[in-house]
Amino acid sequence: MYAQLVKSEGSKSREDMTPEEIAFQDRIDRNEKIEPKEWMPEGYRKTLIRQIGQHAHSEIVGQLPEGNWITRAPTLERKAILLAKVQDEAGHGLYLYCAAETLGVSRDELLEKLHSGNMKYSSIFNYPTLTWADMGAVGWLVDGAAIMNQVPLQRTSYGPYSRAMIRICKEESFHQRQGYDIMMKMCAGTPEQKAMAQDALNRFWYPALMMFGPSDKDSVHSAQSMAWKIKMNTNDELRQKFVDQTVPQAEYLGLTIPDPDLKWNEEKGGYDFSEPDWTEFFAVIAGNGPCNAERLGARVKAWEDGAWFRDGLMAHAAKADERARAARHAAE
Amino acid sequence: MPSLPDMTTPNLTALASQALADSGHVAVPAPDAGQPEFVEFLQRLGDNCLILGHRVSEWCGHAPALEEDIALANQALDLIGQCQLWLGLAGEVEGRGRDADALAYLRDAGAFRNLLLVELPNGDFGVTLMRQFLFDAFHIELLRALKASADSRVADIAAKAEKEVAYHLERSADLVIRLGDGSDESRRRMQAALTKLWSYTGEMFVDDAVDQAMSDAGIAPLPSSLKAAWDKTVAAVLDEATLAAPAEAWQHGVRNPGGKKGVHTEHLGYILAEMQFLQRAYPGARW
Amino acid sequence: MSSEWPLWEIFIRGQHGLNHRHVGSLHAPDAEMAIRNARDVYTRRNEGVSIWVVKANDITASSPSEKGPLFDPSNSKVYRHPTFFDIPDEVGHM
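Described below are features of the structure shown in this document. Treat the numbers as computed from the prediction; the structure is a model and nothing was measured.

1. Re the overall build of chain B
- Of regular secondary structure, chain B possesses 12 helices and zero strands.
- Along the chain direction, N to C, the helices and strands of chain B fall in the order α-α-α-α-α-α-α-α-α-α-α-α.
- Looking at chain B residue by residue over its 287 residues, the buried ones come to 60%.
- Long-range contacts, defined as pairs at least 24 residues apart, comprise 82% of the intrachain contacts of chain B with a sequence gap of at least 6.
- Here chain B displays about 10600 Å² of accessible surface, and carbon together with sulfur accounts for 55% of that area.

What follows is the structure, given as structure tokens:
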């Protein structure tokens, strides 16, 4: 999921709640949507800003690993599809920033926090995309994992976030399919192409599992977020669901999941699988992934190089306003 | 991984037909064979769209604002779509079994027919916008004229593309005006972009034997006939933008052969090295 | 030094003759650019036939208090999401 380590305010028992907090929790329990103007606990507001902000940052940083291959796409049709997909990610970032803005923070403030390293984005985007097969693997696995998290978030308690997720899920329905389609083509192609596909799966499997965040037993902030319905499932639930869904898809492709301990567990009705290396995960989150510097550097550069453009347009709008005012005066 | 084959491929036709044989395509009969000027003309149209679309797509993820990122991607998508139509038709008219992908991915730079203007690097965002505006103002006139083409396939593609390009022009003209008449810095950058790019505008209006043949056949207008309308659009926009075109400027590709004739800047080779990498490294593979 | 582009609320009428509907928000330096950005951002798939843009700050919202007198409405911010909002008439048809 795109928001992996969202710090939440501490969970409160009902006895410790104020009457407002009790009434608020009751509304959430009745599945009422919370809307921007309405009263909400400060912790709810802050946690949401962090979570939606991190999600938005992940969308725009997530443009980069795939954007990396737009100019090298192997056919005109693949180029158009990939470009449309990466464009969608920009759109999703935009919707999410707007949802966060209803909570009293501006997009520029959120971007400033991203650029200064005070807000994170998903660890997955700090891994490199080395071959065309990675476009397949990213669509199939990364979008697959993201969808797993985003579909339930359509029911989240905060109205603007829920509406953004509904729009995003609708638009994203083709993303995972286009990734899988690339994988199918490559697995049915030359031996070199098939090897490329296997290599992509090998490199993206564990980073994809990490997307759901640390194990529930180590996830201290989950309880409150789940009570507030801004987190709908536990990390482990979603990870299990993802593995169960993905293994048969890999088998269909004739690819091998890079986990010798992966096996079906009849009793639980799901696969047993190896945990990703959580030491690596925390290192990547802390800035030590293979591409952290490039990814953040690219975002900062785009922002700084674009300052004159944004300011120039504001300057023009101010001038045009001034002229319109003067013209009105002259007419009076 | 296999290394990249030599980019100066000796026999493109052999390569293309090998690729097609590998992919199981059947060569279609050649309804329009023997019309090399028509093929050449269609490649010019398609290559302009392909190369400019490539350049614009380079901004994806790097534009100055999210809204702009999204708008540019739309523009690149329009251009890639138009390129597929023009090059598809070029392959059909050529009648040698090459489709749009074969033309895009298996020709070397010397066989590309795009204007020099569209292959120039993106520069700062001002150069990108100015390049877009100068080309859009030409592109729209060309497409409007092509809607009356004697070849209905050309007229149909032009009618579809014209709607898209009308919007491109509306956008690029408006941004040129806003940034020209914006802050001191935005004005300085737009003027610098205009001065830099002006030398590449003359090539758009050069008539050659191919253009003459197209004009004689009623397929396309002479490029020179589009200049008055372009001048008018550009003058009006630059005036409102408080920008000034250089009075005298050497024009590349006018006295000397330019992109239309396959004589390009150094930049095109790098564009193609990147764009064609997979097709070159894995000949005949399907993606 | 840099000032942020203002936020705009976007309303789109689709093909089927229904009312303009709030579809989301975006940033733009002025109304004209907000319309163009809306075209690029919000009509990528389904062609809307008409776009309205309203500066988020210009929207007057009803109070949510009828929903729950228990809660003090927070009046500190002007808000943008549509469910409770009247569309100002002066926006006109575009």
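2. Some remarks on the interface of chain C and chain B
- Taken residue by residue, the interface counts 12 residues in chain C and 11 residues in chain B.
- For the pair chain C and chain B, the summed buried area comes to about 1100 Å², and 50% of that belongs to carbon and sulfur atoms.
- On the chain C side of the contact with chain B, Arg36, Arg39 and Asp40 of chain C bury the most area, a combined 47% of that side's loss.
- Across the chain C-chain B interface, the total number found is four salt bridges.
- Counting across the interface, chain C meets chain B through seven residue pairs in polar contact (both at pLDDT 80 or more).

3. Some words on the sheet that holds strand β2 (residues 21–27) of chain C
- If you trace the three strands from one edge of the open sheet to the other, you get β2-β1-β3 (chain C), paired in antiparallel fashion. Either end of the sheet is taken by a strand with one partner, and the two such strands are β2 and β3 (50–55) of chain C. For this sheet, the mean inter-axis angle between neighbouring strands, taken without regard to orientation, is 30°.
- Where strand β1 (residues 7–13) of chain C meets β2 of chain C, six bridges bridge the pair, whose relative direction is antiparallel. By the bridge assignment for β2 of chain C, phenylalanine 11 of chain C is matched with histidine 22 of chain C.
- Contacts from helix α4 (residues 76–101) of chain A reach β1 and β2 of chain C within the one sheet, and its direction differs from that of β2 of chain C by about 90°.

4. Digging into the side chain of arginine 113 of chain B
All names here are of chain B.
- By the element assignment, arginine 113 lies in the loop between α4 (100–105) and α5 (116–119).
- According to the relative accessible area criterion, arginine 113 is buried, its value standing at 14%.
- Within the structure, the side chain of arginine 113 is placed 2.4 Å from the side chain of glutamate 40, a separation counted as a polar contact.
- For arginine 113, the side chain forms a polar contact with the main-chain oxygen of glycine 110, separated by 2.9 Å.
- Once residues within four sequence positions are removed from consideration, arginine 113 is found in contact with Glu40, Gln43, Arg44, Asp47, Gly259, Lys260, Lys261, Gly262 and His264.

5. Points about the environment of histidine 252 of chain B
Residue and element names in this part refer to chain B.
- Its location among the elements puts histidine 252 in the loop between α10 (227–240) and α11 (266–275).
- Note on histidine 252: relative accessible area 29%, which makes it partly exposed.
- When the C-alpha positions of histidine 252 and leucine 72 are compared, they lie 27 Å apart, and in sequence the two are 180 residues distant.
- With residues up to four places along the chain from it excluded, the contact list for histidine 252 reads Leu116, Ser199, Tyr200 and Glu203.

6. Here we look at helix α1 (residues 31–42) of chain C
Residue and element names in this part refer to chain C.
- Taking 1.5 Å per residue, 12 residues should reach 16 Å; α1 reaches 15 Å between its end C-alpha atoms and fits that length.
- The complete set of buried residues in α1 reads Met33, Ala34, Arg36, Asn37, Ala38, Asp40, Val41 and Tyr42.
- Between the side-chain oxygen at the start of α1 and the backbone nitrogen of glutamate 32 there is a gap of 3.3 Å, and the oxygen is on aspartate 30.

7. Looking at the environment of alanine 164 of chain A
All names here are of chain A.
- Residue position: alanine 164 is located in helix α7 (residues 159–187).
- Residue classification places alanine 164 among the buried positions, given a relative accessible area of 8%.
- Taking the C-alpha atoms as reference points, alanine 164 and alanine 298, 134 residues apart in sequence, are found 26 Å from one another.
- Those residues within four positions of alanine 164 in sequence are excluded, and the remaining contacts are Tyr95, Leu96 and Ala99.

8. Quick word on the interface of chain B and chain A
- Each partner contributes to the interface: chain B provides 52 residues, whereas chain A provides 47 residues.
- For the pair chain B and chain A, the summed buried area comes to about 4200 Å², and 68% of that belongs to carbon and sulfur atoms.
- On the chain B side of the interface with chain A, the three residues burying the most area are Pro64, Leu66 and Trp287 of chain B, jointly 18% of the side's total.
- Between lysine 319 of chain A and aspartate 181 of chain B there is a salt bridge, with its nearest N and O atoms 2.9 Å apart.
- The tally of links between chain B and chain A comes to 17 residue pairs in polar contact (both at pLDDT 80 or more).
- Mapped by element, the contributors of at least two residues to the side of chain B that touches chain A are α2 (36–57), α3 (66–94), α4, α6 (125–146), α7 (152–180), α8 (184–197), α11 and α12 (277–281) of chain B.
- Here the side of chain B that touches chain A takes 12 residues from α3 of chain B, the largest share from any one element.
- For the side of chain B that touches chain A, the per-class residue count stands at 29 nonpolar, 11 polar and 12 charged.

9. Quick look at the packing of aromatic side chains
Residue and element names in this part refer to chain A.
- What the rule picks out here adds up to 22 aromatic pairs over all chains.
- The interplanar angle of 80° and the centroid separation of 6.4 Å between the aromatic rings of tyrosine 44 and tyrosine 158 together place this pair among those described as edge-to-face. With a gap of 114 residues between them, tyrosine 44 in helix α2 (residues 42–61) and tyrosine 158 in the loop between α6 (133–153) and α7 connect regions that are remote in the sequence.
- For tyrosine 44, a relative accessible area of 0% translates into the label buried.
- Members of the aromatic cluster, each reached through a chain of ring pairs, are Phe24, Trp39, Tyr44, Tyr158 and Trp228.
- Over the face of the ring belonging to tryptophan 69 we find arginine 72, whose NZ or CZ atom lies 3.7 Å from the ring centre.
- Between the NZ or CZ atom of arginine 310 and the centre of the ring of tryptophan 303, over which it lies, the distance is 3.4 Å.

10. Overview of the packing of α3 of chain B against α6 of chain B
Residue and element names in this part refer to chain B.
- The interhelical angle for the contact between α3 and α6, taken along N-to-C directions, is 40°, at an axis separation of 14 Å. Taken together, the axes of α3 and α6 lie oblique to each other. Read as a crossing pair, α3 and α6 show a hand that is left-handed. The residues of α6 that touch α3, namely those facing Glu68, Leu72, Gln75, Leu79, Gln82 and Trp86, are Phe125, Gln132, His139, Leu143 and Leu146.
- Its residues assigned to classes, the contact of α3 with α6 comprises six nonpolar, four polar and one charged.

11. Regarding the pattern of salt bridges
- Within the structure shown, the criterion is met by 49 salt bridges over all chains.
- A salt bridge links aspartate 272 of chain A to lysine 268 of chain A, with the nearest nitrogen and oxygen atoms 2.9 Å apart.
- Here aspartate 272 of chain A falls in the partly exposed class, since its relative accessible area comes to 24%.
- When the shortest N-O distance is used, the salt bridge between aspartate 208 of chain B and arginine 44 of chain B registers 2.6 Å. Here arginine 44 of chain B lies in helix α2 and aspartate 208 of chain B lies in the loop between α8 and α9 (209–216), a separation of 164 residues in the sequence. Arginine 44 of chain B shares its class with aspartate 208 of chain B; the two are buried.

Rules used in this analysis
- Residues numbered from 1 in each chain as written.
- Chains lettered and ligands numbered in written order.
- Predicted model: local features only at pLDDT ≥ 70, side-chain atom pairs only at ≥ 80, totals over all residues.
- Heavy atoms only, no water.
- Helix = DSSP H or I, 4+ residues; strand = E, 2+ residues; numbered from the N terminus.
- Buried < 20%, exposed > 50% of the residue type's maximum accessible area, 1.4 Å probe, protein only.
- Contact = heavy atoms within 4.5 Å.
- Areas by Shrake-Rupley, 256 points an atom, 1.4 Å probe, with all protein chains shown as cover.
- Buried area = accessible area lost by both parts, 1.4 Å probe.
- Salt bridge = Lys/Arg side-chain N within 4 Å of Asp/Glu carboxyl O.
- Polar contact = N/O pair within 3.5 Å; in protein donor to acceptor, adjacent residues only side chain to side chain.
- Pairing = 2+ DSSP bridges.
- Axes fitted to C-alpha atoms, helices over the stretch in contact; angles between N-to-C directions.
- Expected span 1.5 Å × (residues − 1).
- Nonpolar A, V, L, I, M, F, W, Y, C, P; charged D, E, K, R; others polar.
- Phe/Tyr/Trp six-rings, centres within 6.5 Å; stacked < 30°, edge-to-face > 60°.
- Lys NZ or Arg CZ within 6 Å of the ring centre and 35° of its normal.
- Parallel < 35°, antiparallel > 145°, perpendicular 65-115°, else oblique.
- Left-handed = near helix turned anticlockwise from the far one by under 90°.

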